[in-house]
Amino acid sequence: MAKIFDFHVHAFPDVIADKATENLGNFYNFVVECGGKIEDLKSSARAADIDYVLLHATATTEKQVQSVNNFVAANINSNIFGFGTLHPDFKNPAEEVDRIMSLGLIGLKLHPDFQQFNADDDIMEDIYNAIEGKLPLLIHAGDERYDYSSPLRISRLLDKHPRLTVIAAHLGGYSRWDEVKKYLMGKNVYFDTSSALWRLSQKEAVEIIRGHGTDKILFGSDYPVTSHKDELARFYNLGLLDSENKAILFDNANRLLNLGL
């Protein structure tokens with residue numbers, strides 16, 4: 001059976017997991033279907049024969065940065081990889097980037113909407129400069145209610161940092177896919193499929209995936225928003241070619257992260 005790499009999952013410390021998933025659902029006004037604990041994540045992945053997952057967490061204040069990075073690092077193993085995080089108010093991000101790498105984390109996750117910064121703002125330059133050439137960046141992209149992470153702002157970020165490896169989550173712009181087609185499709189950026197397939201028609205999802213290039217698309221479940229089984233079913237229902245499925249479900253992630261799996 002072909003390997004599967006889920007590029008976008010979340011879990012939280014046990015003591016706050018229930019509250020964190022509740023807050024997540026309240027923020028987006030949808031039902032978070034699954035539990036937010038690490039063991040819940042592992043169980044969901046096993047049930048769907050997911051081989052590898054990439055764990056992300058977001059620091060909503062600068063004081064949380066190191067503890068969030070420590071939590072993610074404490075949960076990586078041969079099947080769970082992790083990205084660290086930073087916050088725009090964090091002092092000396094270059095030093096924390098070095099620590100992130102020393103912890104075994106292999107990228108950086110930022111969430112402009114949660115962290116309340118514009119993706120293309122000059123205040124982020126120290127962070128972008130600190131990771132350029134060192135770590136890929138997965139950035140939350142899009143929300144019809146906010147402009148922090150709009151596809152246009154992501155496009156400007158790419159223009160300012162052409163050597164930065166960027167993954168724009170949610171097929172480049174959650175709930176703003178017309179703007180994705182206008183500003184991001186075909187550019188030097190990866191998209192993941194997380195929290196997009198249940199919002200899009202099969203036709204429009206395939207249009208974006210193939211229009212952008214299946215070599216730049218990564219499967220992501222956005223667990224615990226949905227279970228791995230359900231999200232894989234949505235992905236397979238797109239009706240892509242076997243070669244396209246193989247690239248999106250595993251090969252692209254393996255190559256991008258240089259994992260040698």
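In the block above lies the structure referred to throughout.
Model, not experiment: these values are computed from the prediction.

> Sorry, what's going on with the sheet that holds strand β3 (residues 80–82) here?
Working definition: the strands of a sheet are paired by backbone hydrogen bonds and lie parallel or antiparallel to each other. Judged by pairing direction, the sheet is parallel, and its three strands sit side by side in the order β1-β2-β3 without closing on themselves. Strand pairing shows two members of the sheet lacking a second neighbour, β1 (5–10) and β3, which therefore form its edges. Averaged over all pairs of adjacent strands, the angle between their axes in this sheet comes to 30 degrees, without regard to strand direction. Across the sheet, helix α11 (residues 242–256) lies against β1 and β2 (52–56), angled at about 80 degrees from β1, the strand it touches most.

> Before we go on, may I ask you to explain the nonpolar core in this structure?
Soluble globular proteins tend to bury their nonpolar side chains together. Counting residues in hydrophobic clusters, the biggest one holds 71 residues, and the most contacted among them are L110, Y128, L137, L171 and F191. For this core, the element with the most residues is helix α3 (residues 65–74), which contributes five residues. Setting aside residues no more than four positions away along its own chain, L137 makes contact with L108, L110, Y128, I131, L157, L164, T165, V166 and I167. Counting residues in each nonpolar core, the second largest holds 15 residues, with F7, Y190, A253 and L256 among its members.

> Which parts of the structure should I look at to understand the packing of α3 against helix α4 (residues 93–102)?
Geometrically, a packed helix pair is captured by the angle between its two axes and the distance between the axes. Look at α3 against α4: their axes get within 10 Å of each other, and the N-to-C directions meet at 15 degrees. Regarding the angle of α3 to α4, the classification is roughly parallel. Both α3 and α4 take part in a crossing whose hand is right-handed. Residues V65, Q66, N69 and N70 of α3 lie in contact with α4, whose contacting residues are E96, R99 and I100. A breakdown of the residues in the contact of α3 with α4 according to their chemical character gives two nonpolar, three polar and two charged.

About the criteria used
- Residues numbered from 1 in each chain as written.
- Predicted model: local features only at pLDDT ≥ 70, side-chain atom pairs only at ≥ 80, totals over all residues.
- Heavy atoms only, no water.
- Pairing = 2+ DSSP bridges.
- Helix = DSSP H or I, 4+ residues; strand = E, 2+ residues; numbered from the N terminus.
- Axes fitted to C-alpha atoms, helices over the stretch in contact; angles between N-to-C directions.
- Contact = heavy atoms within 4.5 Å.
- Core = buried A, V, L, I, M, F, W, Y, C linked by side-chain atoms within 4.5 Å.
- Buried < 20%, exposed > 50% of the residue type's maximum accessible area, 1.4 Å probe, protein only.
- Parallel < 35°, antiparallel > 145°, perpendicular 65-115°, else oblique.
- Left-handed = near helix turned anticlockwise from the far one by under 90°.
- Nonpolar A, V, L, I, M, F, W, Y, C, P; charged D, E, K, R; others polar.

Taken by themselves, the reported measurements are silent on function.
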